[in-house]
Amino acid sequence: MIVKPENMNFSDKKFSMIIYGSPGVGKTTLALSAPDPILLDFDRGISRVSAAHRKDTAFCNTYLEVLQDINSPDMRDYQTVVIDTGGSFVTFLKDWAMTEKGAKTKSGEFNGLKGFGFVKSEWNRFTEDVKTRLNKNIIYVFHSNEGADKDGNPIQRLVCEGSVRNTVWTPCDFGGYVQMIGDQRVICFTPEQEFFAKGCHGIVGRRPIPAIGPNDKNDFLTRLFDEAKANIAAENEAFAPLREQYEHVMVEVTEIVENIHDLESADAAAKALPELDHALTSKKEASEMLKKKVASLGFKWSKEAGCYINAEVT
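Presented here is a report on the structure given in the accompanying data block. (Residues numbered from 1 in each chain as written. Predicted model: local features only at pLDDT ≥ 70, side-chain atom pairs only at ≥ 80, totals over all residues. Heavy atoms only, no water.)

## Details of a nonpolar patch on the surface
Taken together, Phe239, Leu242 and Leu280 make up a surface patch of nonpolar side chains, about 240 Å² in accessible area. Among the secondary structure elements, Phe239 is positioned in helix 6 (residues 220–258). You can call Phe239 partly exposed: its relative accessible area is 31%. (Patch = residues over 30% accessible without salt bridge, like charges linked within 9 Å, V, L, I, M, F, W, Y side chains within 5 Å. Areas by Shrake-Rupley, 256 points an atom, 1.4 Å probe, with all protein chains shown as cover. Salt bridge = Lys/Arg side-chain N within 4 Å of Asp/Glu carboxyl O. Helix = DSSP H or I, 4+ residues; strand = E, 2+ residues; numbered from the N terminus. Buried < 20%, exposed > 50% of the residue type's maximum accessible area, 1.4 Å probe, protein only.)

Right under this line is the structure:
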């Protein structure tokens, strides 16, 4: 289905997100602050979340069970799927991939080269399926570990097997590194030397995460997602006049180009088109339309004469 920009509505947009950080920094509780979440608990970590802030949880034993749960009619009740942790989810996908041709070595062990190809492909398919077909947010929680770059500077990386740790970022809208700065817990959406992060729709930089008690509402990500959607709406509203001007000028461009029938009208068009009140890509499109039209009539531009001439004239 083709939708014109002015008819696009992102009020119900769903997001995919990575949250990562060191153990004990509150990643799972933060993930459960998203709208109406269900936790797919691969690490049996829900017990570490304060009882006041626990949410409905599916305890996973195999990836096939995960697919059954995801496609269950009960899933309609939730807006967000939380995967805890992404590293353990990869382990489940490895076990699932062992049934695929080429995923095993001759000795029956996991073939890292071909096997992780299946894992990465299924990871992306699963993420898009949750976002598009099921129309839900999806959040992957990862532990991080500290390494060092080539100069010995500390860097934080996802705890995740194989090359999957690099590809998991691709389908995600947001990637937040959670850390303590002094006594303040923050989530960072802009990459720095020490860690990678990902932001969009105005969600960038460092955001302080408020401490929550048993009687406090856990809604940090719900508000963050609402902010992102509001930013998208504001951008669309600001863009609307430009889109309207673009459409208006393109009507003029089309009329001028269609009226080219001889060298004189081609020269007139070449002078008139740049003088229009262009918006967005209209000037470039006008140039391409002019070029195509004069070529179809057998004209070419002469720098020496400063006008169009017949192409066969040397």
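Having seen the model, we can carry on.
## Here we look at unusual backbone geometry
Cis geometry is found at the peptide bond from Asp84 to Thr85, where omega equals 0 degrees. Relative to the assigned elements, Thr85 resides in the loop between strand 4 (80–84) and helix 3 (86–97). Even without a glycine there, the phi angle at His201 is positive, about 55 degrees. Accessibility expressed as a relative area gives 29% for His201, which makes it partly exposed. Residue Leu280 is not a glycine yet carries a positive backbone phi of 55 degrees. If you trace the backbone, Leu280 turns up in the loop between helix 7 (263–272) and helix 8 (282–296).

## A word on the packing of aromatic side chains
Applying the stated criterion to the full structure yields 20 aromatic pairs. Between Phe89 and Tyr140, the ring centres sit 6.1 Å apart and the planes meet at 25 degrees, which makes this aromatic pair stacked. Of this pair, Phe89 sits in helix 3 while Tyr140 is found in strand 5 (residues 137–148), placing the two residues 51 residues apart along the sequence. Neither residue differs from the other here; Phe89 and Tyr140 are each classed as buried. Aromatic ring contacts, followed pair by pair, group Phe42, Tyr63, Phe89, Phe92, Trp96, Trp123, Phe126, Tyr140 and Phe142 into a single cluster. (Phe/Tyr/Trp six-rings, centres within 6.5 Å; stacked < 30°, edge-to-face > 60°.)

## Some remarks on the pairing of strand 5
With six bridges connecting them, strand 1 (residues 16–21) and strand 5 associate as parallel partners. Its bridge partner being in strand 5, Ile18 is matched across the sheet by Tyr140. The pairing of strand 4 with strand 5 spans five bridges and is parallel. Bridge pairing in strand 5 places Ile83 opposite Tyr140. In the sheet, strand 5 pairs with strand 6 (residues 154–158) via five bridges, with the strands oriented antiparallel. Its bridge partner lying in strand 6, Ser144 is registered against Leu158. Here strand 5 hands over to strand 6 after five residues, with Gly152 in that stretch at a positive phi of 85 degrees. (Pairing = 2+ DSSP bridges.)

## Quick word on the environment of Ser16
Considering the arrangement of structural elements, one finds Ser16 in strand 1. By relative accessible area, which is 0% here, Ser16 ends up buried. Taking the C-alpha atoms as reference points, Ser16 and Leu297, separated by 281 residues in sequence, lie 51 Å from one another. Beyond its immediate chain neighbours, meaning those up to four positions away, Ser16 contacts Thr127, Lys131, Ile138, Pro171, Cys172, Asp173 and Phe174. Among the polar contacts listed, one links the side chain of Ser16 to the backbone oxygen of Pro171, at a separation of 2.7 Å. (Contact = heavy atoms within 4.5 Å. Polar contact = N/O pair within 3.5 Å; in protein donor to acceptor, adjacent residues only side chain to side chain.)

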